[in-house]
Amino acid sequence: MCADALSKMEKGIMQNQRVFLVALVLVLCVPCITFAAKYVGSAACGECHETEHGRFMQYSKKAKSWESIAVMAPKLTRAEQQECYECHTTGYKNGGFVSYEETPELSDVGCETCHGPGAAHAEDGDPELIKRKPEPKECVVCHSDSRVNDFGFKPLVNSGAH
């Protein structure tokens, strides 16, 4: 009888250890999977989406957003500049823009800012591998009321120029 009880207890402990191990793997690996999505820059998008890319580059202020940082940089601390990167570059803090020297192709607000990292889509062409229609709620991270007031601009949330 004691042996049966001990055996059941051992099985329970082993089951708990397996559940803990699976949970640990998920906690440690999910962030890795998230960052596995790679940014390629808007020029890569233009290889297949010539018309949209051309219009975006010609008409969208977003496509030239690094110019704003370059103009303001001498007046800002490094920490203040980094705050600008969140809305004026592509993928900052998410596996994208690192610095102008390291990732110049991501130094402006590009296609992937709204459509997500595009490496898998660019390689495969599968439309399911890219965010085709961004949700407006995602835009207010940068196009917020406070930023409109702070910087005196009128955001054109749907102004991707394509």
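Keep in mind that what you see is a predicted model, and the values were worked out from it rather than measured.

Regarding the state of the cysteines
Working step 1: Under the counting rule described, the total for this entry stands at 1 disulfide.
Working step 2: With its sulfur 2.2 Å from that of its partner, Cys87 forms a disulfide with Cys142. Judged by the sign of its S-S torsion, about -95°, the cystine formed by Cys87 and Cys142 is left-handed. Of this pair, Cys87 sits in helix H5 (residues 78–88) while Cys142 sits in the loop between helix H8 (136–139) and helix H9 (145–151), and the two are 55 residues apart along the sequence.

Concerning the pattern of salt bridges
Working step 1: Tallied over the full model, the rule gives 2 salt bridges.
Working step 2: One salt bridge in this structure joins Lys93 and Glu86, with 3.3 Å as the shortest N-O distance.
Working step 3: Since its relative accessible area comes to 56%, Lys93 is described here as exposed.
Working step 4: In this structure, Glu138 engages Lys131 in a salt bridge whose closest nitrogen and oxygen atoms are separated by 3.3 Å.

Quick notes on the packing of aromatic side chains
Working step 1: For the structure shown, the criterion picks out 6 aromatic pairs.
Working step 2: Look at Trp66 and Tyr85: their rings are 5.8 Å apart centre to centre, the planes differ by 25°, and that puts the pair in the stacked class. Pair noted here: Trp66 is in helix H4 (residues 66–72) and Tyr85 is in helix H5, with a separation of 19 residues, a long-range link. Tyr85 shares its class with Trp66; the two are buried.
Working step 3: Between Tyr85 and Phe97, the aromatic rings sit 5.0 Å apart at their centres with planes inclined by 70°, giving edge-to-face as the arrangement. Of this pair, Tyr85 sits in helix H5 while Phe97 is found in the loop between H5 and helix H6 (111–115), placing the two residues 12 residues apart along the sequence. Phe97 carries the same exposure label as Tyr85, and that label is buried.
Working step 4: Counting every residue linked through ring pairs, the aromatic cluster contains Trp66, Tyr85, Tyr92, Phe97 and Tyr100.

Thresholds applied
Residues numbered from 1 in each chain as written. Predicted model: local features only at pLDDT ≥ 70, side-chain atom pairs only at ≥ 80, totals over all residues. Heavy atoms only, no water. Disulfide = S-S within 2.5 Å. Helix = DSSP H or I, 4+ residues; strand = E, 2+ residues; numbered from the N terminus. Salt bridge = Lys/Arg side-chain N within 4 Å of Asp/Glu carboxyl O. Buried < 20%, exposed > 50% of the residue type's maximum accessible area, 1.4 Å probe, protein only. Phe/Tyr/Trp six-rings, centres within 6.5 Å; stacked < 30°, edge-to-face > 60°.

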